[in-house]
Amino acid sequence: MMSSGARVVVGVSGASGAALALECLRCLAETEVESCLVLSSNAELTINQELGMSVEEFSGHADRVFDNRNIGASIASGTFRTDGMIVAPCSMKTLSGVANGFSENLLLRAADVTLKEQRPLVLMVRESPLSAIHVDNMAKLARIPGVVLMPPLLTFYNEPTSVDDMVHHIVCKALQVFDIECSGFHRWS
Ligand SMILES: Cc1cc2nc3c(=O)[nH]c(=O)nc-3n(C[C@H](O)[C@H](O)[C@H](O)COP(=O)(O)O)c2cc1C
């Protein structure tokens with residue numbers, strides 16, 4: 001389990017699956033780990049549409065919130081200590097930005113910093129179907145130690161009875177990368 005003082009950056013991009021981001025923030029809120037949220041302007045759309053939530057209400061689940069346009073924020077620097085970053089969900093555009101070092105906003109810069117500082121970076125990539133460009137960008141990143149590509153695929157072995165169960169399961173699995181244990185995580189035994 002992560003010690004107190006730990007900190008994880010949570011990036012939310014405009015792919016479908018805002019529920020993944022919310023669950024991630026909720027799970028982190030149950031721990032001592034500080035969540036540092038940065039969301040793209042397109043994520044604001046999916047948060048509104050898919051969760052029926054305002055950005056203010058959504059952001060209230062994070063410990064700290066950063067403006068995606070503020071490229072000078074602390075998470076843009078490698079000297080700011082974090083234990084890694086998760087992008088949930090990760091759009092194909094943000095995937096491309098990360099894969100190509102194109103840090104045009106704070107979310108992308110924070111991911112770039114996570115890579116250069118060799119910290120864990122979990123990308124919950126979501127698109128279907130995938131083009132060769134999407135797959136090439138994933139393959140490029142998959143070769144970098146510390147990068148975990150975790151598309152939010154359906155799981156059945158945990159015997160889910162709802163979409164919420166599936167969302168919780170995949171988010172718990174993603175947070176395990178940071179050695180964070182969530183309550184109610186169903187392990188295969
Ligand atoms: C409702 C909605 C759902 C979307 N779902 C996806 C998706 O699942 N995957 C994806 O790559 N893009 C998706 N998009 C498109 C992205 O939002 C778009 O490419 C955007 O430029 C991504 O920018 P960002 O990564 O900075 O948020 C969706 C857009 C909307 C409005």
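Placed above this text is the structure.
Residues numbered from 1 in each chain as written. Predicted model: local features only at pLDDT ≥ 70, side-chain atom pairs only at ≥ 80, totals over all residues. Heavy atoms only, no water.

Chemist: Would you take a moment to explain the site of the ligand for this structure?
Modeler: Around the ligand sit 15 residues in total, of which G14, S40, S91, T94 and R126 are the nearest. With respect to the ligand, the side chain of T94 contributes an N or O atom lying 2.5 Å from an oxygen atom. Take E127: an N or O atom from its side chain is 3.3 Å from a nitrogen atom of the ligand. When residues in the shell around the ligand are grouped by element, the largest group, four residues, is from helix α2 (residues 41-51). In terms of residue class, the shell around the ligand is built from three nonpolar, nine polar and three charged. (Near = heavy atom within 4 Å. Polar contact = N/O pair within 3.5 Å; in protein donor to acceptor, adjacent residues only side chain to side chain. Helix = DSSP H or I, 4+ residues; strand = E, 2+ residues; numbered from the N terminus. Nonpolar A, V, L, I, M, F, W, Y, C, P; charged D, E, K, R; others polar.)

Chemist: Sorry if this is basic, but what is going on with the sheet that holds strand β2 (residues 34-39) here?
Modeler: In a beta sheet, neighbouring strands are held together by backbone hydrogen bonds and run either parallel or antiparallel to one another. Read from one edge to the other, the open sheet built from six strands follows the order β3-β2-β1-β4-β5-β6, with strand pairing classed as parallel. Looking at which strands have only one partner, the edges of the open sheet turn out to be β3 (64-66) and β6 (147-149). Strand-to-strand twist in this sheet, taken as the mean axis angle between neighbours without regard to direction, amounts to 20 degrees. Looking at chain direction, β2 and β3 are connected through three bridges and run parallel. In the strand pairing of β3, L37 is matched with V65. Each of β1 (7-12), β2, β4 (85-90) and β5 (121-125) touches helix α1 (residues 18-29); the most contacted strand, β4, lies at about 150 degrees to it. (Pairing = 2+ DSSP bridges. Axes fitted to C-alpha atoms, helices over the stretch in contact; angles between N-to-C directions. Contact = heavy atoms within 4.5 Å.)

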